[in-house]
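This is what each chain is made of:
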Amino acid sequence: MNDDSRAASRGRQPDRREFLKLSAMAAAAVGTLGARGNVVGAEADAAANTKANRPRSRNYGGHYEGAHLSRVAFPMGGIGAGTICLEGHGGLSHFSIANHPDVFNDPGVFAALSIRGASPIARVLEGPPPSWKYFGGPGNSSGDGKPGLGLPRFRQAMFDARFPFADVTLSDDAVPLAVKVTGWSPFEPGDADNACLPVAGLEYTFSNSSNAAIDAVFSFNARHFLTDDKIVGAVRPMNGGFVLHTTPPADAPWRESDLAVFTDDPAVKVNHAWFRGGWWDWLALVWKDIADGACYERPPVAEGSASPGATLFVPFHLAAGETKTIQVRLAWFAPRTNIHEGEDLPNGGSGPVETYRPWYAGQFHDLGAVAQYWSVNYSKLRSAAARFASCLADSTLPAEVQEAVAANLSILKSPTILRQTDGRLWGWEGCNDTHGQGDLCTHVWNYAQAIPHLFPSLERTLRETEHGPSQNPDGRQTFRSGLPIRPIVHHEYDATDGQLGGIMKVHREWRISGDLGWLRSIWPKVRTSLDYGIATWDPRHTGVPEEPQHNTYDIEFWGPNGMGASCYLGALEAAVRMGNALGENVEAYAALLAKGTALTESELFNGEYFIQKPQWKGLKAEFPGHPTTWTGEPLGTEAMALLEREGPNYQYGTGCLSDGVIGSWFALVCGVGQVLDAGKVRSHLKAVHRHNLRRDLSDHVNPDRPAYTCSNDGGLLLCTWPKGGRATLPFVYSDEVWTGIEYQVASHLLLMGLVEEGLEVVRTCRDRYDGRVRNPFNEYEWGSWYARAMASYALLQGLSGARYDAVDRVLHLAPSLSGDFRCFLSTATGYGTVGVKNGQPFFDVVSGQVDVQRIEYGAGLSDKL
């Protein structure tokens, strides 16, 4: 996207002529895209899409302004280390620094500016707050709102993101300074440890746009929000700033959490002791200091008589046209938790219960050590993060793809991900407001494609957990891993998609790393896992799973189906390839693969898309499996009658399932290759686009969870029944829209050369996350920052066809785009820009080294990948 189009306002509605012009420009930017494939195969689909041609106001990858700032909150912090968000208007919120989410923690931490002179000016360094903050949460009828909401602010704000950086530009006609706030945290592919630091940086840049010199005072004001009735707080001094310190109760040592706020500016002064009074006295006197342009030192009060907070002052002088940047560095330390997920095995000993400890607590002995490291390495880490940000943005891919990829990298900065002291990664499915949601789940994390490419060493620890403590000697995996990572009691069903996907992911990690020794070490567990899967889901060795298959929809599919079959075939193909590389006998797997491929393509393809053939008779499993409600109570007589009449509840049968060939997608992104006929896969994906993509859901009936898409939102439905045959109770969630599945389908469409269809799915998804109602940096499903949304990273491979194989040292480049292009590519040993220039492939390494012996290049190679 050029600079002129980026400058267009998000909030401005283009007229029809401008819209057509921009559409033509976008089409030209991505080359010849081919037919839209937009014919709708059912009257209901046509009715739902009648509003599809209305002009859009979205400027993907551009500024957020006005109403589009309302929900913007950009996560900063370390992978598995906690989060603080920079909001669209410049405020700080979502303080989640004590090893758990705290989504609505908006405690009144703010920066301010005071301009001295005959007509002094004082402003909080934020734009107008969004109106929803006026109510402040529970008890909102009291009128309290967020602390400090009633203080003067700048009149305009504009937000821009270039991960891992975000900028807020503030302006006010009454203020003779141009102001920019930059938030960031360390992040560069391959450097996992520095990306896991519990730190964030804030940079406040002031430019004197007047003709006169200006004397001003910057302040950073932090309420001591870490205390409560049981936790004693204190403000402690540190070089260049202060520490919000806590002393937790003896019976809850895990509640310790400290926050350091400091700067390297030599003019800094610190008030360690805010006024201790009643009501809102503390805030009234903090503002008086700001309004008066105060700048002074005040020592801490004695511990046990806690200060409500502290202020860091930096006075500065700016000549006309001069600019100054003040860096505020945040670091935190919460070394213990009470997190213990999963039921311990019997006879596990009588000692104290082991709990999760964050990775950084094993690397630094206290907050001071973290702060010192952050201070000494700040410039180096910033340069590395800027190098990555520039490389990621150095792309000619469509702006909607760039936005979707970069925005969901924010999940890596969120409380969704944890990393324990031994370096192994772990993650929730997503985040509830105050706690993690859903222990590390294989079939959710199957979709996530960012970490294996950006931090392969971290991703390999997930495979080692799945095929280590989470797998029993028989090969059965618990699809929810314990934390701390250890063997746990397996109460849940076996997840077919999760366990089989794990086998393909082992193949992916091997090809990314090139480490045959690692593959050899994990292979026995992989083989045991696959053998268990065969015995459990395909005991008759038909080549297709028949027995009930628990899956990501929290139910079981009974009988052969495209989703389960494609995952099974992908796992078999991956095992054959890995086994051959190790000299293992995998003839039985190859035979099953051949049988299963033939059966799936002949029996499960209806001429347009892959379906399910529900089966519950002649199986090892007893019908109807588990006739109970979610609470474990027996189903009522009417529900049992329905089971007898229609078979097991929650099937999709003749439906067009968006995940219907997910195993084929997964095989491609894992380097396994095509496992089903490419023409039939392409037909299925076209059907999903035709039937399941709705540009306006106003008339859609969704009895499930409506907030993911509601009213006139667009989205890709999980399943539709264009040929009829919808059961009375189809599978749970079938009427919902999940962003991770949207990206799975979109990237698969792109991989198969269906570019415009794939881009349309991406646009429809990102149009919901435009900042007005939903946060562009928090695509949620069952919780905030949902891991499945990291499927968006596969969009890069979908368009570029770029995949580096470290085993063969070959760069595969099979772009779906025509003509020249450039985009980001990350490998285990380095990253850079890949693409085509003047018709010739290239890979420019920006950081690290990548041993490319050959580039295998050819447009339209998707059928052969």
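Quick look at the overall build of the chain
What the chain contains, in helices and strands, is 20 helices and 33 strands. Over its C-alpha trace the chain gives a radius of gyration of 28 Å, about what one expects of a compact globule, namely 29 Å for 865 residues. Dimensions of the chain, computed from C-alpha atoms along their principal axes, come out at roughly 85 × 75 × 60 Å. Counting contacts in the chain only where the partners sit at least 6 residues apart, residues at least 24 apart contribute 72% of the total. Within the structure as shown, the chain displays about 31900 Å² of accessible surface, and the carbon and sulfur contribution to it stands at 51%.

Quick word on unusual backbone geometry
The omega angle of the peptide bond from F163 to P164 is 5°, so this bond is cis rather than trans. Note on placement: P164 falls in the loop between β7 (156-162) and β8 (165-171). Residue P484 is bonded to the preceding L483 through a cis peptide linkage, with omega at -5°. If you trace the backbone, P484 turns up in the loop between α10 (456-466) and α11 (496-513). Phi angles above zero are rare outside glycine, and D554 is one such case at about 65°. The phi angle at Y733 is positive, at roughly 75°, despite the residue not being glycine. Considering the arrangement of structural elements, one finds Y733 in the loop between β27 (719-720) and α18 (739-751).

Concerning the packing of aromatic side chains
A full pass over the atoms with the stated rule returns 39 aromatic pairs. Aromatic side chains F206 and F316 sit 5.1 Å apart centroid to centroid with 25° between the ring planes, which places their arrangement in the stacked category. Of this pair, F206 sits in strand β10 (residues 199-208) while F316 sits in strand β16 (residues 309-318), and the two are 110 residues apart along the sequence. By relative accessible area, F206 is classed as buried at 0%. Overall, F316 belongs to the buried group, its relative accessible area being 7%. Summarising the aromatic geometry, the rings of W665 and F666 are spaced 5.9 Å apart at their centres and angled 20° between planes, so their arrangement reads as stacked. There is no split in this pair, since W665 and F666 are both buried. Among the aromatic residues, those joined into a ring-pair cluster are Y64, F74, F159, F163, F187, F388, F455, F777, F824 and Y831.

Structural notes on the environment of V217
Assignment of secondary structure puts V217 in strand β11 (residues 214-223). Separated by 100 residues in sequence, V217 and H317 place their C-alpha atoms 8.7 Å apart. Excluding its chain neighbours within four sequence positions, the residues that come into contact with V217 are A112, L113, S114, R116, G293, A294, C295, F313, V314, P315 and F316.

Section: the sheet that holds strand β30 (residues 821-826)
With respect to topology, three strands assemble into an open sheet ordered β30-β31-β32, the strand pairing being antiparallel. Edge positions in the open sheet fall to β30 and β32 (840-848), since each of these has one partner strand only. Each neighbouring strand pair of the sheet contributes to a mean axis angle of 20°, computed without reference to strand direction. Relative to strand β31 (residues 830-837), β30 is paired through six bridges, and the arrangement is antiparallel. Across the sheet, C823 pairs through a bridge with V834, a residue of β31. With respect to the sheet, helix α6 (residues 367-393) is in contact with β30, β31 and β32, its orientation differing from that of β31 by roughly 20°.

Here's the deal with the pairing of strand β2 (residues 73-78)
Burial of β2 is extensive: six of the six residues sit out of reach of the surface. Covered by surrounding structure in β2 are A73, P75 and G77 together with F74, M76 and G78, the residues of both alternating faces. Here β2 pairs with strand β3 (residues 82-87) via six bridges, running antiparallel. Considered in β3, the bridge of M76 is made with I84. Two successive antiparallel strands, β2 and β3, enclose a turn made up of three residues, where G80 displays a positive phi of approximately 75°.

Conventions used here
Residues numbered from 1 in each chain as written. Predicted model: local features only at pLDDT ≥ 70, side-chain atom pairs only at ≥ 80, totals over all residues. Heavy atoms only, no water. Helix = DSSP H or I, 4+ residues; strand = E, 2+ residues; numbered from the N terminus. Rg over C-alpha atoms; globule rule 2.2 N^0.38 Å. Contact = heavy atoms within 4.5 Å. Areas by Shrake-Rupley, 256 points an atom, 1.4 Å probe, with all protein chains shown as cover. Phe/Tyr/Trp six-rings, centres within 6.5 Å; stacked < 30°, edge-to-face > 60°. Buried < 20%, exposed > 50% of the residue type's maximum accessible area, 1.4 Å probe, protein only. Pairing = 2+ DSSP bridges. Axes fitted to C-alpha atoms, helices over the stretch in contact; angles between N-to-C directions.

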